[in-house]
Amino acid sequence: MKHSGEWGSVCSYDFDWDARWATVVCRQLGCGPVAKASPYAPFGQGTGRIWLQPLFCRGNEAVLQDCPHFGWGQHFCGHERDVGVTCAEAVELRLVAGGGPCAGRVEVKLRGRWGSVADDSWDLEDAEVVCQQLGCGSAAGAYAASTHFGKGDGPVSLALVNCHGDEAAFWDCEIRGWGPYIGIHDFDTAVVCQGFARLVGGDGACDGWLEVRRGRAWIGVCEDAVDIKAAQVVCRELGCGTVLAVPGSGRFEAGTGPLWEGGFECNGTEPLLAACTRRPPRSQGCTGHASIICSPYTGFRLADNSSGCAGRVEAEAGGMWGSLCATSWDLPDAHVLCHHLGCGPAAAVPPGGSFGGGDGPLWPDAFGCGGSERHPGQCPTAVLGEPACPPGHAAAVNCSGIAEPLRLVEGESRCDGRLEVSASPGAWARVQAGLWGAWDASVVCQQLGCGVLEKVYTVPGSGTEGLQGLRSAGTEENLARGNVLGTAAALTGSPEEVAVVCSGSRRVRLAGGPGRCAGRVEVYVNGTWGTVCQETWDLRDAAVVCRQLGCGMALAAPRSARFGPGTGPLWPDAGGCAGTEASLWDCPASAQRGCRHGGGAGAVCSEQLSLRLAGGSSRCRGHLEVLYNGTWGRVCVEGTSPATATAVCWQLGCGDRGTLVAAPAWDSAPAWLAWVGCKEGARSLWRCLSAPWHLQACSPGTDVHVICDKDSDGTSGTPTPSLGSRCPEGATCTGVPSSTTPAAVAGTVLVPTVLCVVLGILLCLALGTLAVQACRARAWCRGPGRAADAVSDAVYEELDYTLTPEYQEVPSRSGSPSEGSGTKLPYYNGGSMEESDPEAAPDSPAQHGPPDGYDDAAAVPEESPAPGAGDISEGVARRSWGCVPSTGGSCPSPSPPGATRDPPAQPPGDTDYDDVGISTLGTAL
């Protein structure tokens, strides 16, 4: 503090434990709330005056000197008690090395330097606070950085953090070590968050309708709440490439559930959608779910050549550059890439490996471009089931390198949109509507290789640079070659600019369905998407659409009841195809005029991919099955990675984590895939590598079984393991259900089961009581002496049944430190001799001593049990013996088969049945 023109320190004792003086200081400086306060000279001891010793500030003082104190310069503490405070605005939090802002190693900026956070007991509660503070939703995982994102190499900012999970900021957690420290990084922490935004219902994690995180639930967003700038932020947050389209609610299968109230005002540069300004909704009603299409690739380039327009094709995905496989790379793919890189059309596609194989991974992605796409990310791609790429077989391309003086932007393809002319190298100017008289629009389409002119129209001016003057150097052909003289680009206020639609922009798509190969047929004609009349639509027309989209054969040609009627203008010219045409435009125009039944013609193609979890208690658990070529097939566990389960659960909307187990199927079914190798963070099964599509049979007991952490029935857990189960490489399986014991749900006991067991116990007690009473009455009639013997025989015969336990191995609770170990519980098996294992049966029934409280036990001779009425353990399979000792207790040593064993002791005075133990038999604890 500065007083009387002199700076001096402030000291305090630690008995002022609330340290409200720190709140006053941070507010006085305008630095936000307190992050850390200490009276132990955390920034070093002062050397000059000590001006103040504040005492028990209330926290609402305007300035520090308003707190109670002894007076200026009056104090009872020395410089070793000089106080220091770190305000919240002086510290920052981030995640690094994770490929995005919502995953990576945890780092804190302290005293101007970034450093890691070290903790040897880092858990989900700690990670939850980090994710919520960063606007990344809830935590999906808490890890040691060394196993996921690498150790840090700077200082350690914080150490030993303990959060409850509901703190408003990371600094509100209990932090025992405020650095920075110089030390080892073996305990650096890392986090993977679920994110604030996600795209679902599409073919991958980079397209679909938009959902945002509210609390711990995902909810949809109205389409009027999202514009192109908000879409740019979403694509960046998800680690996807540039935004390709904001198509509206009809593009993907409709979502359900609650909707986000309000919209997002973004400038397009925010790292997360949560950082955008919130605004109230623009309208009262919601017309539909917002949907976004992003490129799954964040970049493309040509490598290993001095020319920027020739070389090996490389793409960036997930923060990593890799070469594209040349197996399916062809000229239309090369055309799209060359135009995207500004290198004109493609001149040639050299053989694979012509420019080397590259040092990074070799992506097997098979592109299916049509040639008119304006970005390679618009092309359909296939990854799952594609054959492995031979080493070094990287795609290559030679582009013409001819810079085009014209281009069409902001359209559905590079063949339609707003017209721009190259004003200078690297600078583009738009054409005002008043200058159009000097142009021949057909030259634009011809120059771009986009067919013939279909439409010329005007669009509202953008207020950016536009051509003020335009003069052709001769003919339109010269103009198309770039011989434009007298052009001048300047900011204009023209209300209208020129836009062109060429025939090469014609496109077809399937909308409103589960993927790009099934849905309502929509065509892009004259710059507008419209639906197809369903009057004469049949399977032959659908076959042309499937072939045009590269989706295989047509399986069905449904009407509007399947995928909805759609919106937009009707296109009545479809419906007369022979089924062999290359595109819908090659089919003869239908003679039908009018569309009495409206639009909504659909198609379902053979390469439509779908997945499900079948055979479980809900849609979020069961055998993993994939629909391909119109047939459902399973996935073999061989070579399948554990992350595959998480990708499946995420894609199905069944939570953010999943468990992969190998489970025998109760029914035999063919399998399509094996060696499915999803990586950590994968959000779509279709983007995972695998062995090629092939109908096969999995080895017995090796069908993939997936259990998601969110179960629609409210249950969770894993199947009960049995001996001989097999786990995939690198996976930690919790077990597989036995062939004779149904899979049980861990931690869950069904209510009907409990009721049945309780009622059965009560019935047995009642019957036993009646039997004793009847025996006693019959013996009383015969004589008192025989009555006593009869009662004793009845009691000891009942004891011989109830005090002979059989032990069965039951797995420990999934996720516990002892997972995979066995807990032994008494298990009464009421099965017959034919259901048991005769080889494991003992040579003779176990002998039991009498329980306490029977004085005449020695007077009753022990007789061999009659067949069918003896020891219940006779003929029942024996497992290794074990017990769960009580607190302070111990377990007796196991006895070998055939040895004499004492029955388990019953607590004195406790004659009740243990309902919990009975009801959970065969259930994973």
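Everything below is about the structure printed above this text.
Residues numbered from 1 in each chain as written. Predicted model: local features only at pLDDT ≥ 70, side-chain atom pairs only at ≥ 80, totals over all residues. Heavy atoms only, no water.

So, about the environment of Asp365. The residue Asp365 is located in the loop between strand 25 (362–363) and strand 26 (366–367) in this model. On the accessibility criterion, Asp365 (5% relative accessible area) is buried. Separated by 41 residues in sequence, Asp365 and Leu324 have C-alpha atoms that sit 6.8 Å apart. For Asp365, the contacting residues outside a window of four places in its chain are Tyr297, Ser328, Ala382, Val383 and Arg687. One polar contact links Asp365 to Arg687, side chain to side chain, over a distance of 2.9 Å. (Helix = DSSP H or I, 4+ residues; strand = E, 2+ residues; numbered from the N terminus. Buried < 20%, exposed > 50% of the residue type's maximum accessible area, 1.4 Å probe, protein only. Contact = heavy atoms within 4.5 Å. Polar contact = N/O pair within 3.5 Å; in protein donor to acceptor, adjacent residues only side chain to side chain.)

This paragraph deals with helix 8 (residues 539–549). Working note: α-helix, 3.6 residues per turn, so residues spaced by three or four point in the same direction. Along helix 8, the residues classified as buried are Asp541, Ala542, Ala543, Val544, Val545, Cys546 and Leu549. The secondary structure elements touched by the buried residues of helix 8 are strand 36 (507–515), strand 37 (518–525), strand 39 (554–556) and strand 41 (602–605). Phi turns positive one or two residues past the end of helix 8, at Gly550, with a value near 70°.

This brings us to the packing of aromatic side chains. Within the structure shown, the criterion is met by 17 aromatic pairs. Ring centres of Trp51 and Trp72 lie 6.1 Å apart, and the angle between their planes is 80°; this geometry places the pair in the edge-to-face category. Within this pair, whereas Trp51 is found in strand 4 (residues 49–52), its partner Trp72 is found in the loop between strand 4 and strand 5 (84–87), the two being separated by 21 residues in sequence. For Trp51, a relative accessible area of 5% corresponds to the buried category. Judged by its relative accessible area of 29%, Trp72 is partly exposed. Members of the aromatic cluster, connected to one another through ring pairs, are Tyr297, Phe300, Trp329 and Phe367. The positively charged end of Arg94 is found above the aromatic ring belonging to Trp114, 4.0 Å away from the centroid. In this arrangement the basic side chain of Arg509 is found over the ring face of Trp529, its NZ or CZ atom lying 3.9 Å from the centre. (Phe/Tyr/Trp six-rings, centres within 6.5 Å; stacked < 30°, edge-to-face > 60°. Lys NZ or Arg CZ within 6 Å of the ring centre and 35° of its normal.)

On to the pairing of strand 35 (residues 496–502). Counted residue by residue, strand 35 has 6 buried out of 7 residues, so it is predominantly covered. Here strand 30 (residues 416–424) pairs with strand 35 via 3 bridges, running antiparallel. Each residue of the ladder has a partner; that of Gly417, found in strand 35, is Val500. Direction of pairing for strand 32 (residues 453–460) relative to strand 35: antiparallel, over a ladder of 7 bridges. Within the sheet, the bridge partner assigned to Tyr457 lies in strand 35 and is Ala499. (Pairing = 2+ DSSP bridges.)

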